[in-house]
Amino acid sequence: MKDPRPLGKLIAIGGNEDKGTYPNPRTKKKYYLNFFELGILKRIVTESGKTDPRIEVITTASMIPEEVGKIYVSSFAMLNCLKVGIMDIRTPADARKAEYLERLLQADIVMFSGGNQSRLREMFGDTEFLERLSARYHAESNFVIAGTSAGAMAMSHIMIRGGSVPDALMKGSVKIGTGLNLIHNVVIDSHFVKRGRFGRLIESVSLHPKLIGIGLGEDTGVLITCGNLIETIGSNLVIIVDGHNIQHNNAAAAKKGAALSVENLTMHVLAKGNVYDIQERQFYVNKEAHVTPTPVEKQEASL
């Protein structure tokens, strides 16, 4: 029986990822990561299995796509990745152009920039581009889809469109929409720690308690393999909110503006290298502690 889990990899980044800082005498060490060893973009390249992969950056979510595109081209160049294209897709008609579809089929890595996550669904929903992107993600073991900020939030089926932080934990403070549907069992929020978005992730999970909430800190991300296994990468924290054990929960019945009342939410805090299994709903200190075989390993073992 064919394993239904995707073979490809998702990398969801909380925003403000360290794109690399050239060490020099005028740069204080504490203000930059050793990017070539610890940086998230380096990890994205590594997960493709190629030293100079073909990378396509989609700047659709951004209001300054040309500027953002240049930043990513120069950042990947610091890693000696020179085959970087920018997909400046600004309308649904652009998303249907044969040129972009062909480039998608040739890419090893597709990366969605930050901006407005609702624009991604608006431009790519019900397009052959999104169908092919999803098909490659499910079928190819080294195919990487990465997204930062809005690009990360749009990966899920249930997507946070926005919401008020000051009104957190009051019914209606979070706005829910539909994302790109690359992963079904999570809801993702970004810029999580510094912008204090705990409340809106809690409301999202309270409204959809069968989803796992993933809150991504700045310069932090998750590598999701098998559509199920989360590994924390980067320099900050990832917050997991699990609503499967909720008992009392007024989120569905409460009127707009009313205080939420939720019993028995489960929360985990993941640092670099920690692992979380979505299906098992289990925390592991590292990958070595989690020994479940991947779909590729299962297929190889059956040959």
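Our structure is the block above this text.
Residues numbered from 1 in each chain as written. Predicted model: local features only at pLDDT ≥ 70, side-chain atom pairs only at ≥ 80, totals over all residues. Heavy atoms only, no water.

**Q** Honestly, the overall build of the chain in this entry has me stumped. Any pointers?
**A** For the chain, the count of helices and strands is ten helices and 15 strands. Within the chain, the fraction of its 303 residues that count as buried is 52%. Put simply, 73% of the contacts in the chain that link residues at least 6 apart link residues at least 24 apart. As presented, the chain carries roughly 14000 Å² of accessible surface, and 52% of it is formed by carbon and sulfur atoms. (Helix = DSSP H or I, 4+ residues; strand = E, 2+ residues; numbered from the N terminus. Buried < 20%, exposed > 50% of the residue type's maximum accessible area, 1.4 Å probe, protein only. Contact = heavy atoms within 4.5 Å. Areas by Shrake-Rupley, 256 points an atom, 1.4 Å probe, with all protein chains shown as cover.)

**Q** It is not clear to me how the pairing of strand β12 (residues 238–242) should be interpreted in this structure. Could you clarify?
**A** Each regular strand shows side chains that alternate between the opposite faces of the sheet. In terms of residue burial, β12 counts as a mostly covered element, since five of its five residues are buried. A two-sided burial pattern is seen for β12, the buried positions comprising V238, I240 and D242 on one face and I239 and V241 on the other. Taken together, the five bridges between strand β9 (residues 212–216) and β12 define a ladder with antiparallel strand orientation. Each residue of the ladder has a partner; that of G215, found in β12, is I239. (Pairing = 2+ DSSP bridges.)

**Q** Explain the sheet that holds strand β5 (residues 144–148) to me, please; I cannot follow it from the model alone.
**A** Sheets are built from strands paired through backbone hydrogen bonds, the pairs being either parallel or antiparallel. Taken in spatial order, the nine strands of this open sheet run β3-β2-β4-β5-β1-β10-β11-β14-β15, and their pairing is mixed. Either end of the sheet is taken by a strand with one partner, and the two such strands are β3 (84–87) and β15 (282–284). Each adjacent strand pair in this sheet contributes to an overall mean axis angle of 20°, direction not counted. One ladder, built from six bridges, connects strand β10 (residues 220–225) with strand β11 (residues 229–234); its direction is antiparallel. Among the inter-strand pairings, T225 is bridged to a residue of β11, identified as L229. Its contacts with the sheet place helix α3 (residues 65–77) against β2 (55–58), β3, β4 (109–112) and β5, and it is angled at close to 165° to β3. (Axes fitted to C-alpha atoms, helices over the stretch in contact; angles between N-to-C directions.)

**Q** Help me understand the sheet that holds strand β8 (residues 186–189) in this model?
**A** If you walk across this open sheet you meet the four strands as β8-β9-β12-β13, and the pairing is mixed. In the strand order of this sheet, the two ends are held by β8 and β13 (266–270), each with one partner. Within this sheet the neighbouring strands show an average axis-to-axis angle of 20°, counted without direction. In the sheet, β12 pairs with β13 via five bridges, with the strands oriented antiparallel.

**Q** Mind showing me how you'd approach the pattern of salt bridges here?
**A** Note on pairing: side chains with opposite charge can pair once their charged atoms come close. Tallied over the entire structure, the rule returns 15 salt bridges. A salt bridge links D88 to R90; its shortest N-O distance comes to 2.8 Å. Residue class for D88 comes out partly exposed when judged on its relative accessible area of 25%. Residue R132 is joined to E128 by a salt bridge in which the shortest nitrogen-to-oxygen separation is 2.9 Å. In this pair, R132 and E128 are both assigned in helix α7 (residues 128–139), four residues apart and thus about one turn of the helix distant. What makes E128 partly exposed here is its relative accessible area of 40%. What you see here is one network of salt bridges that share partners, running through K9, R43, E47, E231 and K287. (Salt bridge = Lys/Arg side-chain N within 4 Å of Asp/Glu carboxyl O.)

**Q** Just to check I follow, could you spell out the environment of N80 for this structure?
**A** In this structure, N80 sits in the loop between α3 and β3. N80 gets classed as exposed once you look at its relative accessible area, which sits at 61%. Taking C-alpha positions, N80 is 6.9 Å from D52, a pair spaced 28 residues apart along the chain. Ignoring anything within four residues of it in the chain, the contact list for N80 reads T51 and D52.

**Q** Teacher, can you tell me more about helix α5 (residues 98–106) here?
**A** In an α-helix, one turn spans 3.6 residues, which is why side chains three or four residues apart end up on the same side. Within α5, burial applies to Y100, L101 and L104. Seen end-on, α5 carries its buried residues on one side only, within an arc spanning 100°. Lining the buried residues of α5 we find β3, α4 (92–95), β4 and α7. (Arc of directions from axis to C-beta.)

**Q** I tried to follow the environment of I64 on my own but got confused; where do I start?
**A** Here I64 is to be found in the loop between β2 and α3. A residue is classified by how much of its surface remains accessible, and I64, at 44% relative accessible area, is partly exposed.

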